[in-house]
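Below are the chains, spelled out letter by letter.
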Amino acid sequence: MTLRPRINRLFRFQWEPAQQAHVLLYPEGMVKLNQSAGEILKRCDGSRDLPAIVADLEASFNATGLTPDVEAFLAMAEEQNWIDWTEA
Amino acid sequence: MDTLLVPPEALQPAARRAGPLWLLAEVTYRCPLHCAFCYNPVDFAAAGPELSTDDWLSVIRQAREMGAAQFGISGGEPLLRDDIEILVAEARRLGFYTNLITSGVGLTEARLAALKEAGLDHIQLSFQDATREANDLITNTRTFDLKRKVAALTKAAGYPTVINCVLHRSNIDHLDRIIGMAVEIGAEYLELANTQYHGWAFLNREALMPSTAQLAEAEAVTERWRQKLGKKMRILFVTPDYQSKKPKKCMNGWGEVFLSVTPDGLALPCHTARMLPGLDFPDVREHTLDWIWHDSPLFNRFRGTAWLPDTCQSCEDKEKDHGGCRCQAFMLTGDPSATDPVCPKSPDHALIESALATAERQDNCHPLVFRDPKASKMLGRAF
Ligand code: SF4
Ligand code: SF4
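Since we're looking at a predicted model, the values are computed, not measured.

Thresholds applied
- Residues numbered from 1 in each chain as written.
- Chains lettered and ligands numbered in written order.
- Predicted model: local features only at pLDDT ≥ 70, side-chain atom pairs only at ≥ 80, totals over all residues.
- Helix = DSSP H or I, 4+ residues; strand = E, 2+ residues; numbered from the N terminus.
- Rg over C-alpha atoms; globule rule 2.2 N^0.38 Å.
- Buried ≥ 20, exposed ≤ 12 C-beta atoms within 10 Å, placed from the backbone.
- Contact = placed C-beta atoms within 7 Å.
- Nonpolar A, V, L, I, M, F, W, Y, C, P; charged D, E, K, R; others polar.
- Expected span 1.5 Å × (residues − 1).
- Pairing = 2+ DSSP bridges.
- Near = placed C-beta within 6 Å.
- Axes fitted to C-alpha atoms, helices over the stretch in contact; angles between N-to-C directions.
- Parallel < 35°, antiparallel > 145°, perpendicular 65-115°, else oblique.
- Left-handed = near helix turned anticlockwise from the far one by under 90°.

Enquirer: Got a minute to help me understand the overall build of chain B in this structure?
Expert: Helix and strand counts for chain B come out as 16 helices and nine strands. The C-alpha radius of gyration of chain B comes to 21 Å, within 12% of the 21 Å expected for a compact globule of 383 residues. In terms of overall dimensions, chain B has C-alpha extents of about 60 × 55 × 55 Å along its principal axes. Burial status across chain B gives 45% buried among its 383 residues. Once local pairs closer than 6 in sequence are excluded, the contacts in chain B between residues at least 24 apart make up 74%.

If you want it as structure tokens, here you go:
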């Protein structure tokens, strides 16, 4: 059993042209995300587990050793209710 | 990856003020309910004809173009219009987050399916029926049954159940049962909003304002439930301005993020601003939203802090609250540019103290005036 993060249904994640940023929308509010947060959440679509997300980010940005950062961000995102984990 | 959130200051482009982020469409003043705590203007019955579907679509498109991301639909009871689905569909297509604020009356299975199909993101169900018969939503089983039915429908359609309940002198003592009801219905989120005294609520202020003891008990009850429920249901308790003595920034600042449009097409920087005297409210059929937001005298009248009265100018909190609520200042002092009397530094703060003293009296029994078109015409005033 692997756990895969996805955006909590209370939020909608999208690219917002006026902000030139990814945002999370929820009733009467909006969180503007910086680039790294946006790139991580973009990959939280319920189809990838943590290693897959990290691998994809590392490939896209030509980086290594992103696991701790991604983990820390996802823990924060879960705390904020932005994501939840689905079993696959 | 250290700072993940861009601080809000960074949202403001230096050259031109940002557009509104939040568009609220008050699509109708018609409502099947008659809440005595309604914030709609008392003279709503004198408002002009409602905007057409095309008028609304144009407002929605312009607001999105300006960068607005939130689209709220309220009223009155918005479901009394049969074009809500069309407005939601267009707003959603353009990228708005769409939120319907409804009493649930008229939310049939078919209607809900159509709204879902249109892409509606969120439904906020109000528990706000202070009925003529009982003025006590707990004893009114018909309302409870309706809410229960509607909540079950929305849940089945995949929406989280978000309930808003207005608290006042006659229902606040039943808070324990109100929260219990929300739990039974399976709510994920419950907002307990103490009455804001605008419109009909101001007219009924004496009858609606709870005593200090009632409020303290309500907060204790809320805390007990929070302990018990943990993350299962989140409860937000909004303290009333009068008691908290903290002036609040009108809708996050006049003309900063929020734009609301009345059923008859007037653009407002706050959904109750219509009561303010001496202001020209721009009509969305006559002006572009861009002009209204950036250039209209109305949206610039109380923007920022330059206009603030002396009491506030010398105060360190002025950026935090911009002198408080303009409508409250006007209703209480007759001067819309006065310091909000809720603030203890206001020269008019005694007005708040005396209202609070009245709320402490046990023999306080004022009749409620219920919101309906007949009373509206008869009273013929804004609040
Ligand atoms: S507060 Fe009550 S009367 Fe006023 S619009 Fe809402 S449901 Fe209708
Ligand atoms: S004096 Fe004015 S600025 Fe200062 S706290 Fe009171 S309302 Fe706010």
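Additional details are given in the paragraphs that follow.
Enquirer: How should I be thinking about the interface of chain B and chain A in this particular structure?
Expert: It is common to report an interface's size as the accessible area lost on association of the parts. Contacts between the two partners involve 20 residues from chain B and, on the opposite side, 21 residues from chain A. Residue assignment for the side of chain B that touches chain A shows that the elements contributing at least two residues are β2 (70-74), β3 (97-102) and β4 (122-127) of chain B. Residue composition of the side of chain B that touches chain A, grouped by class: eleven nonpolar, eight polar and one charged.

Enquirer: What is the right way to look at helix α1 (residues 53-65) of chain B in this model?
Expert: Two residues of an α-helix separated by three or four positions point the same way, owing to the 3.6 residues in each turn. The terminal C-alpha atoms of α1 of chain B, which comprises 13 residues, lie 18 Å apart, in line with the 18 Å expected from a rise of 1.5 Å per residue. Positioned one or two residues after α1 of chain B, Gly67 of chain B has a phi angle of 105°, which is positive.

Enquirer: Would you mind showing me how to read the pairing of strand β4 (residues 29-32) of chain A here?
Expert: Regular strands place their side chains on alternate faces of the sheet. Residues and elements named next belong to chain A. Burial of the side chains of β4 is restricted to one face: Met30 and Lys32 are buried, whereas none of Gly29 and Val31 on the reverse face is. Here four bridges tie strand β3 (residues 21-26) to β4, and the two strands are oriented antiparallel to one another. Among the inter-strand pairings, Val23 is bridged to a residue of β4, identified as Lys32.

Enquirer: How should I be thinking about helix α2 (residues 50-61) of chain A in this particular structure?
Expert: Counted at 1.5 Å a residue, the expected span for α2 of chain A with its twelve residues is 16 Å, and the 16 Å between its end C-alpha atoms agrees. Immediately beyond the C-terminal end of α2 of chain A, within one or two residues, lies Asn62 of chain A, with a positive phi of roughly 55°.

Enquirer: I tried to follow the site of ligand 2 on my own but got confused; where do I start?
Expert: Residues and elements named next belong to chain B. Not every one of the 13 residues close to ligand 2 is listed here, only the nearest: Cys312, Cys315, Asp317, Lys318 and Cys343. Elements with a contribution of two residues or more to the shell around ligand 2: α12 (310-313) and α13 (318-321). Tallied by class, the residues present in the shell around ligand 2 amount to four nonpolar, four polar and five charged.

Enquirer: Looking at this model, I keep getting lost on the sheet that holds strand β7 (residues 234-238) of chain B. Mind explaining?
Expert: Hydrogen bonds along the backbone pair up the strands of a sheet, which may run parallel or antiparallel. Residues and elements named next belong to chain B. The nine strands lie next to each other as β7-β6-β5-β4-β3-β2-β1-β8-β9, forming an open sheet whose pairing is mixed. One side of each edge strand has no neighbouring strand; the edge strands of this open sheet are β7 and β9 (267-268). For β2 and β3, the ladder comprises four bridges, and the chain directions are parallel. The partner of Gln70 across the bridge, within β3, is Tyr97.

Enquirer: Just to check I follow, could you spell out the packing of helix α5 (residues 175-185) of chain B against helix α8 (residues 212-229) of chain B for this structure?
Expert: Working note: a packed helix pair is described by the angle between its axes plus the distance between those axes. Residue and element names in this part refer to chain B. One can describe the packing of α5 onto α8 by two numbers: an axis separation of 9 Å at closest approach and a directional angle of 30°. Considered as vectors, α5 and α8 are oriented roughly parallel to each other. Considering how the two elements wind past one another, α5 and α8 form a crossing that is right-handed. Note on element contacts: α8 touches α5 through Ala218, Val221, Thr222 and Trp225, opposite Leu175, Asp176 and Ile179. Per-class residue counts for the contact of α5 with α8 are five nonpolar, one polar and one charged.

Enquirer: Hey, could you run me through the site of ligand 1 in this one?
Expert: Residues in contact with ligand 1 amount to twelve residues; listed here are only the nearest, Cys31, Leu33, Cys35, Cys38 and Ser103 of chain B. For the shell around ligand 1, the per-class residue count stands at four nonpolar, six polar and two charged.

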